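Each chain, letter by letter, is given below.
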Amino acid sequence: MSPQALADLSSRLPDLRLLTEPGDLEHYGRDWTRRWTPAPLAIALPASIEEVQGIVRWANDHKVAIVPSGGRTGLSGGAVAANGELVLSLARMNRVLGFDAVDRTLTVQPGIALEAVHTAAREHGLIYPVDFAARGSCSIGGNIATNAGGIRVIRYGNTREWIAGLKMVAGNGELLDLNRGLIKNSSGYDLRQLMIGSEGTLGIMVEATLRLTDPPPTSQVMLLALPDMEALMQVFALFRAKLSLQAFEFFTDVALKHVLAHGAQRAIDGDYPYYVVTEFDAADERAQEAALAVFEQGMEQEWIADGVMAQSEAQAAALWRLREGITESLAPHKPYKNDISVRIGAVPAFLHEIQALLAREYPQMEVVWFGHIGDGNLHINVLKPTVLADTDFIAQCEHVTKLLAETLQRHGGSISAEHGIGLVKRAYLESTRSAAEIALMRGVKAVFDPNGILNPGKLFV
Ligand code: 2HG
Ligand code: ZN
């Protein structure tokens, strides 16, 4: 992008906030991946739909690439700007625009944080049920762009289920008002759903209408210690059959070690290889007794070695911290992240196979397993040994990811369950999508973004 191009942007949109200081370029040019050196040419912070449209039209005229940007908590490099792009940050478009009590929808701008959406929904006695640890920093726009999942998918599904309408600025600057909050709309292709999970490659979101729902009944949180990996899915089957689950998450002793070293509090004495944090409806004493009976059944079967049931909200939060604090506790070790999924029914066979694969390929490295096992979604983080250079470490991890992708392909799984493809998993897209599908995806991209200005290089080259 030439300085003249930037001057033209300012003259077309005199009120547009533009940042070009090195500190700002660095701040807005990266996400939670730390692999790429941020190098955007400028940051634009539009405050209106008209300004977003003006930026997109200008980018077409000057053939400038745009990286749409939300909370930049992504783990796949989808919001990285390392090639002189214009970052279009939606940080100033972060307001609640309206609540409709009859439709039970909340209309928001895309830059609003997930946690602020939760608060706004609760003010009306309802909830927006998608939830995960980055809630305070991630933006709803980024959640929608990656079809984010999180810890309540087992009960409520992914972000996709909760989007009643989207306003998007397409690659030619045209404003699309998609689905307009309708519940029933059988009028052809659902372009709203096409936008969800498109990682900023088809349009720039400027407004979203979210479905809300009733809060769940009072719940109970339990931490379980398990003797082996087989027990994981056995306990899951037992709990799912007998209880109304809101969450079922697992982590290993290695994850526990890191989260404890990071300030979380031990809740179970003794060392066990696997742990589960589960939350389920328990509205009254009878429901709590029933839950205890299920727990005891698991103990008798020797699928559960030990467990605690939270006795207060503070204790429930402490148990959740053991699971939700993992990502932060691993960050100093520059982890290589895998976010993979298979059908729930395929989990046991898949786990066996990749356990052997990872033990063989990473004999010297610390491999941390955790995730949303009740959805068939695993997060496998490989920690960088201090003696290895960053580039050697990544090269080795990419080699193993190729093997992992082949295994996933055999099991019909996905190389990205909920974080997106971005830059990090671009080379492995073929393991999850057929050549015919990718060709169609490219065709769709060309229709929505004929000049290829929207987040180029993300998802595919
Ligand atoms: C989680 O489930 C997030 O905590 C992050 O999806 C996973 O850090 C990761 O690998
Ligand atoms: Zn996750």
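Further up the page is the structure itself.
Since the model is a prediction, treat every value here as computed from it, not as a measurement. (Residues numbered from 1 in each chain as written. Chains lettered and ligands numbered in written order. Predicted model: local features only at pLDDT ≥ 70, side-chain atom pairs only at ≥ 80, totals over all residues. Heavy atoms only, no water.)

*Asks:* Is there a simple way to explain the sheet that holds strand 15 (residues 367-372) in this structure?
*Replies:* Paired through backbone hydrogen bonds, the strands of a sheet run either parallel or antiparallel to each other. Judged by pairing direction, the sheet is antiparallel, and its 7 strands sit side by side in the order 13-10-12-11-15-16-14 without closing on themselves. Among the strands making up the open sheet, the edge pair consists of strand 13 (306-309) and strand 14 (336-341). Strand-to-strand twist across the sheet, computed as the mean angle between neighbouring axes with direction ignored, equals 15 degrees. With 4 bridges connecting them, strand 10 (residues 219-226) and strand 13 associate as antiparallel partners. Residue pairing for strand 13: Ala-225 is matched across the bridge by Asp-306. Each of strand 10, strand 11 (245-252), strand 12 (274-281) and strand 15 touches helix 8 (residues 229-242); the most contacted strand, strand 11, lies at about 170 degrees to it. Along the sheet face, helix 9 (residues 253-261) touches strand 11, strand 12 and strand 15 and points at about 90 degrees away from the line of strand 11. (Pairing = 2+ DSSP bridges. Helix = DSSP H or I, 4+ residues; strand = E, 2+ residues; numbered from the N terminus. Axes fitted to C-alpha atoms, helices over the stretch in contact; angles between N-to-C directions. Contact = heavy atoms within 4.5 Å.)

*Asks:* Would you mind showing me how to read unusual backbone geometry here?
*Replies:* What is expected of a backbone is that most residues other than glycine have negative phi and most peptide bonds are trans. Residue Arg-104 is not a glycine yet carries a positive backbone phi of 55 degrees. Mapped onto the fold, Arg-104 is located in the loop between strand 5 (96-100) and strand 6 (105-108). Taking the relative accessible area as the measure of exposure, Arg-104 reaches 28% and is therefore partly exposed. Its identity as a non-glycine residue notwithstanding, Glu-302 has a phi of 65 degrees, on the positive side. Within the element layout of this structure, Glu-302 appears in the loop between helix 10 (285-300) and strand 13. Residue classification places Glu-302 among the exposed positions, given a relative accessible area of 63%. (Buried < 20%, exposed > 50% of the residue type's maximum accessible area, 1.4 Å probe, protein only.)

*Asks:* Can you help me understand the site of ligand 1 in this one?
*Replies:* Around ligand 1, the neighbouring residues are Leu-75, Arg-323, Thr-327, Lys-337, Phe-370, His-372, His-379, Asn-381, Glu-418 and His-419. Between ligand 1 and the protein, one listed contact pairs an oxygen atom with a side-chain N or O atom of His-372 at 3.0 Å. Contact with the protein chains covers 89% of the free accessible surface of ligand 1, which is 290 Å². Looking at the shell around ligand 1, the elements with two or more residues in it are strand 15 and strand 16 (377-382). A per-class count over the shell around ligand 1 returns 2 nonpolar, 5 polar and 3 charged. (Near = heavy atom within 4 Å. Polar contact = N/O pair within 3.5 Å; in protein donor to acceptor, adjacent residues only side chain to side chain. Areas by Shrake-Rupley, 256 points an atom, 1.4 Å probe, with all protein chains shown as cover. Nonpolar A, V, L, I, M, F, W, Y, C, P; charged D, E, K, R; others polar.)

*Asks:* Help me understand the coordination of the zinc ion (ligand 2), please; the structure alone is not making it clear to me.
*Replies:* Ideal donor angles around a metal are set by the shape: a four-donor tetrahedron calls for 109.5 degrees, a six-donor octahedron for 90 or 180 degrees. At the metal site, the zinc ion (ligand 2) is ligated by His-372 (NE2), His-379 (NE2) and Glu-418 (OE), and these contacts range over 1.9 to 2.1 Å. Expressed as a motif, the donor residue spacing for the zinc ion (ligand 2) is H-x6-H-x38-E. Here His-372 is found in strand 15, whereas its partner Glu-418 is found in the loop between helix 14 (390-410) and helix 15 (435-448), with 46 residues between them in sequence. When its relative accessible area of 2% is taken as the criterion, His-372 is described as buried. Here Glu-418 falls in the buried class, since its relative accessible area comes to 10%. (Donors = N, O, S within 2.8 Å, 3.2 Å for Na, K, Ca; no water.)

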